[in-house]
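Chain residues, written in single-letter form:
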Amino acid sequence: MHNKLTPHPDLPIDLPTAERLAKAVEHYGESTVVDHSVALMRGKNAGKDFLLYVGGRHALGILEGAPALYWPELWGARALLHVWNDSAAPYVVVGLNNEAWRIREMCAKVVMLRKLDVAPKLVKATTDEVPRVRVAALNALAEQGREQDIPTIVVRLRDPDKDVRRAAQQARDAIMTRLNLPKE
């Protein structure tokens, strides 16, 4: 029994993410791509073709019956690194608390790129159980952290994960430089 999905040949499933999303914008328009990305982040169905645009060849597995897990939500968040309007901001902020760590990490990256002013939520994410989430939160805090966030960041200088320690040092130094604070 043949159970493989054959996508339309015009769908650019083998292109890199940025190029696939540029094609999605050409096809749907920027606003619709953002809306569909948010729909995926919310666990909604944005259509098979759109899933192939954001997930590429990997999305074929889901469309052929593999468990979706968190992948469509992650792809929706990742798309917001490439296509944006401010209507997506509240959903990215909510994503910082998603049960899937990859989505929390990606939302912290979107927060940093899109300069969403959510330092208190990022401070909370510096204590996430997953080191990659802590690193992403610290990287975003480097861009927007406040003086009162420095003590929390300094705690991460003793984190068991070396990447977290490095990100904490860089975040602390960036905030101190940005705010013109004296070096310790």
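Residues numbered from 1 in each chain as written. Predicted model: local features only at pLDDT ≥ 70, side-chain atom pairs only at ≥ 80, totals over all residues. Heavy atoms only, no water.

(A) Structural context of the domain arrangement of the protein chain. Its domain assignment divides the protein chain into domain 1 (1-99) and domain 2 (116-183). Each of domain 1 and domain 2 was reduced to a C-alpha centroid, and the two centroids are 30 Å apart. Between domain 1 and domain 2, the residue contacts involve six residues of the former and four residues of the latter. In total, about 440 Å² of surface goes out of reach between domain 1 and domain 2, with carbon and sulfur atoms giving 81% of it. Per-residue buried area on domain 1 facing domain 2 is highest for V93, L96 and N97; these three make up 78% of the total on that side. Applying the counting criterion to the domain 1 and domain 2 interface returns zero salt bridges. At the surface where domain 1 touches domain 2, the tally comes to zero residue pairs in polar contact (both at pLDDT 80 or more). In terms of residue class, the side of domain 1 that touches domain 2 is built from five nonpolar, one polar and no charged. (Domains from an automatic or database assignment. Contact = heavy atoms within 4.5 Å. Buried area = accessible area lost by both parts, 1.4 Å probe. Salt bridge = Lys/Arg side-chain N within 4 Å of Asp/Glu carboxyl O. Polar contact = N/O pair within 3.5 Å; in protein donor to acceptor, adjacent residues only side chain to side chain. Nonpolar A, V, L, I, M, F, W, Y, C, P; charged D, E, K, R; others polar.)

(B) Up close: helix 3 (residues 48-55). Among the eight residues of helix 3, six are classified as buried, and the element is accordingly described as predominantly covered. Those residues of helix 3 not exposed but buried are F50, L51, L52, Y53, V54 and G55. In this structure, the buried side of helix 3 is in contact with helix 1 (17-28), helix 2 (30-41), helix 4 (57-63) and helix 5 (71-79). (Buried < 20%, exposed > 50% of the residue type's maximum accessible area, 1.4 Å probe, protein only. Helix = DSSP H or I, 4+ residues; strand = E, 2+ residues; numbered from the N terminus.)

(C) The pattern of salt bridges, seen in detail. Applying the stated criterion across every chain yields a total of 10 salt bridges. Note that D128 and R104 form a salt bridge whose closest N and O atoms lie 2.6 Å from each other. A residue pair is termed long-range when its members are at least 10 positions apart, and D128 in the loop between helix 8 (119-125) and helix 9 (131-144) and R104 in helix 7 (residues 101-114) qualify at 24 residues. Accessibility expressed as a relative area gives 14% for D128, which makes it buried. A salt bridge links E105 to R132, with the nearest nitrogen and oxygen atoms 3.1 Å apart. One end of the pair, E105, is in helix 7; the other, R132, is in helix 9, and 27 residues separate them in sequence. Here E105 falls in the buried class, since its relative accessible area comes to 7%. According to the relative accessible area criterion, R132 is partly exposed, its value standing at 43%.

(D) Geometry of the packing of aromatic side chains. If you walk through the whole model with that rule in mind, you get four aromatic pairs. Relative to F50, the ring of Y28 lies with its centre 5.7 Å away and its plane at 75°, an arrangement referred to as edge-to-face. Here F50 lies in helix 3 and Y28 lies in helix 1, a separation of 22 residues in the sequence. We classify F50 as buried; its relative accessible area is 0%. Residues Y70 and W71 carry aromatic rings whose centres are separated by 4.8 Å and whose planes lie at 40° to one another, so their mutual orientation is tilted. Residue W71 is classed as partly exposed on the basis of its relative accessible area of 29%. Connected via pairs of aromatic rings, a cluster forms that spans Y28, F50 and Y53. (Phe/Tyr/Trp six-rings, centres within 6.5 Å; stacked < 30°, edge-to-face > 60°.)

(E) Focus on the side chain of R134. When you line up the elements, R134 lands in helix 9. Take R134: its relative accessible area is 7%, and that puts it in the buried class. Of note is the side chain of R134, whose polar atom sits 2.9 Å from the side chain of D159.

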